[in-house]
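Listed below, chain by chain, are the residues.
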Amino acid sequence: MDALTAELEAALVRALRTEYDRIAWLRFGERLKPPILALSETTARLGRWVSAERTLELSRELVLGHGWPEVVGVLEHEMAHQYVDEVLGVRDEGPHGETFHRICTERGIDARAAGAPVATTDGEVEGDRVLDRIRKLLALAGSSNQHEAELAMRTAHELMLRHNIAAAQTSARKFVVGHLGDPTKRTTRVELDVVNLLAEFFFVEVIRVPIYLPRLGRAGHQFEISGTRANIELADHVYAFLLATADRLWTANRDDARVTSGRDRLAYQAGVIRGFREKLLLERAKLSGTGLVWVGDAGLDDFVKLRHPRLTTRRRRLPRGNSAHAAGREAGRTVVLHKPVSRGPTGGIRLLATGNSRE
């Protein structure tokens, strides 16, 4: 693994200190005394709280080889160890004893902090079965027969809605977290429209979170999505599909008289997403007539609030649409979500374990 320059290393340590201070305020009421932060060369563990030396270590391989959300998860984990040790003074339990697990659960911290995608568990079998059925329906939705394609997509939509309405009434679910988007690039209005659509129709919660890019020495942003594993995998597919479809339709319809120049690209693509949303709204309205009404998921809401206890929301003012936007909306109403969701994430999304699953 390539080493950082001295300048980038110093910037990384400052970013870790800033992250430590944020977590201390957010999760521990600023009751923690800042320790020495150190990068270790070991590959045997991801992090460690060293009480005698008041040092919090993070593996260099973790910090440089994994995404920032995983780094933050391990940092929170080790800070929980520090809290149990220095604030509560509990030293007669094992390192992952009852008190440690209680603190993690109360504060929305991953008690495992694996720093890697979580493995499938038996409790997710039913979600996998539903996702398999949805994959098959979306494969049919790729049919050249428009009627057959539309019917397959509507059936998949109904299956998703029916399954999630039933699942929301139970507590035997596990929620996981994943991240979407390229943190090295600026977020576009099209991406914002897509993730808002995911939150509205695909049973996930989406939050834009700040991250740090150690090799570039600067900050960026990604979208954090929370939900069941099956819903996150599906949302990942929809995210990639819609961005690719919006780009494809823009390329195919550049000669539309309502498109005046290349500067209309984002307006047109945002229109595609708006048109597809209108199509989903119409389908959802028809399904409500059959008694299938989505009223939200209190369990997922609680999960997200525990992860982000001081979350604030801002209303986004939608740009005024122009003729290119109207052309995109028209095209978006014809889009049929299709292609099978591959086994596992389709867009490189990494699922993080969380210690506050509802079981």
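Residues numbered from 1 in each chain as written. Predicted model: local features only at pLDDT ≥ 70, side-chain atom pairs only at ≥ 80, totals over all residues. Heavy atoms only, no water.

Q: Just to check I follow, could you spell out the overall build of the protein for this structure?
A: Of the regular secondary structure elements, the protein holds eleven helices and six strands. The buried share among the 359 residues of the protein stands at 49%. In the protein, of all internal contacts separated by at least 6 residues, the share reaching a separation of at least 24 is 75%. Of the roughly 18000 Å² of accessible surface on the protein, a fraction of 51% belongs to carbon and sulfur atoms. (Helix = DSSP H or I, 4+ residues; strand = E, 2+ residues; numbered from the N terminus. Buried < 20%, exposed > 50% of the residue type's maximum accessible area, 1.4 Å probe, protein only. Contact = heavy atoms within 4.5 Å. Areas by Shrake-Rupley, 256 points an atom, 1.4 Å probe, with all protein chains shown as cover.)

Q: How should the sheet that holds strand β2 (residues 47-50) be read in this particular structure?
A: Strand-to-strand pairing in sheets goes through backbone hydrogen bonds, with the strands running parallel or antiparallel. Read from one edge of the open sheet, three strands run β1-β3-β2, paired in mixed fashion. The open sheet has two free edges, formed respectively by β1 (36-40) and β2, since each of these has just one partner strand. Ignoring strand direction, the axes of neighbouring strands in this sheet form an average angle of 20°. Alignment of β1 against strand β3 (residues 55-59), held across five bridges, turns out to be parallel. Bridging from a neighbouring strand, L39 pairs with L58 of β3. Where helix α1 (residues 6-28) meets the sheet, its contacts fall on β1 and β3, and the angle it forms with β1 comes to roughly 130°. Of the strands in this sheet, β2 and β3 are in contact with helix α3 (residues 68-87), which crosses β2 at around 20°. (Pairing = 2+ DSSP bridges. Axes fitted to C-alpha atoms, helices over the stretch in contact; angles between N-to-C directions.)

Q: Is there a simple way to explain the packing of helix α6 (residues 146-167) against helix α9 (residues 265-288) in this structure?
A: The geometry of a pair of packed helices is captured by two quantities: the angle between their axes and the separation between those axes. The geometry of α6 relative to α9 is characterised by a closest axis approach of 11 Å and an angle of 65° between their N-to-C directions. Here the hand of the crossing between α6 and α9 comes out right-handed. Within the contact between the two elements, α6 uses E150, M153, R154, H157, E158 and L161 and α9 uses F276, K279, L280, E283, R284 and L287. Taken together, the residues of the contact of α6 with α9 break down into five nonpolar, one polar and six charged. (Left-handed = near helix turned anticlockwise from the far one by under 90°. Nonpolar A, V, L, I, M, F, W, Y, C, P; charged D, E, K, R; others polar.)

Q: Is there a simple way to think about unusual backbone geometry in this case?
A: Note: most residues except glycine have negative phi, and most peptide bonds are trans. Although it is not a glycine, R54 adopts a positive phi angle of roughly 50°. You can see R54 is positioned in the loop between β2 and β3. Using a relative accessible area of 21% as the deciding quantity, one classes R54 as partly exposed. A positive phi angle, near 60°, is found at F203, a position not held by glycine. Structurally, F203 is set in the loop between α7 (189-201) and β5 (205-213). Here F203 falls in the buried class, since its relative accessible area comes to 6%.

Q: Looking at this model, I keep getting lost on the pattern of salt bridges. Mind explaining?
A: Pairing of side chains with opposite charge becomes possible as their charged atoms draw close. Tallying each qualifying case throughout the model produces 20 salt bridges. Notably, a salt bridge pairs R54 with E86, separated by 2.7 Å at the nearest N-O pair. Of the two residues, R54 sits in the loop between β2 and β3 while E86 sits in helix α3, which places them 32 residues apart along the sequence. A salt bridge links R277 to E200; the nearest nitrogen and oxygen atoms lie 2.8 Å apart. Of the two residues, R277 sits in helix α9 while E200 sits in helix α7, which places them 77 residues apart along the sequence. You can call R277 partly exposed: its relative accessible area is 29%. (Salt bridge = Lys/Arg side-chain N within 4 Å of Asp/Glu carboxyl O.)

Q: Please clarify how the confidence of the model for the protein should be interpreted in this entry.
A: Note: predicted coordinates in regions of low pLDDT should not be interpreted at a detailed level. Confidence in the prediction for the protein averages 88 pLDDT; 89% of positions are at 70 or higher. Every residue in residues 115-123 is under pLDDT 50, and counting partners more than four places away or in other chains gives 21 contacts. Low pLDDT, under 50, characterises residues 355-359; the predicted model gives this stretch 24 contacts beyond four residues in sequence or across chains. (pLDDT = per-residue confidence, 0-100.)

Q: Any chance you could explain the packing of aromatic side chains here in plain terms?
A: Two measures describe an aromatic ring pair: the distance that separates the ring centres and the angle between the ring planes. For the structure shown, the criterion picks out five aromatic pairs. Aromatic pair F28 and Y83: ring centres 5.1 Å apart, planes at 35°, arrangement tilted. Pair noted here: F28 is in helix α1 and Y83 is in helix α3, with a separation of 55 residues, a long-range link. Here F28 matches Y83 in class, with each residue buried. (Phe/Tyr/Trp six-rings, centres within 6.5 Å; stacked < 30°, edge-to-face > 60°.)

Q: I would appreciate a short explanation of α3 in the present structure.
A: Residue pairs spaced three or four apart in an α-helix point in one direction, given the helix's 3.6 residues per turn. Its 20 residues place the ends of α3 27 Å apart at the C-alpha level, agreeing with the 28 Å of an ideal helix rising 1.5 Å per residue. With respect to burial, α3 is a largely interior element, 18 of its 20 residues being buried. Phi turns positive, to about 70°, at G89, one or two residues after α3. (Expected span 1.5 Å × (residues − 1).)

Q: So what exactly am I meant to see when it comes to the pairing of β3 here?
A: Two faces, one strand: in a regular strand the side chains alternate between the faces of the sheet. Counting buried positions along β3 yields five of five residues, so the element is predominantly enclosed. Burial of the side chains of β3 extends over both faces: T55, E57 and S59 are buried on one face and L56 and L58 on the other. By the bridge criterion, four bridges tie β2 to β3 in an arrangement that is antiparallel. Opposite W49, over in β3, you have L56 as the bridge partner. Once β2 ends, the chain turns through four residues before running back antiparallel as β3, passing R54 with a positive phi of about 50°.

Q: What exactly am I supposed to notice about the sheet that holds strand β6 (residues 218-227) here?
A: Taken together, the three strands give an open sheet; going across it, the order is β4-β6-β5, and neighbouring strands pair in antiparallel fashion. In the strand order of this sheet, the two ends are held by β4 (176-180) and β5, each with one partner. With strand direction ignored, the average angle separating the axes of adjacent strands in the sheet is 35°. Here β4 pairs with β6 via five bridges, running antiparallel.

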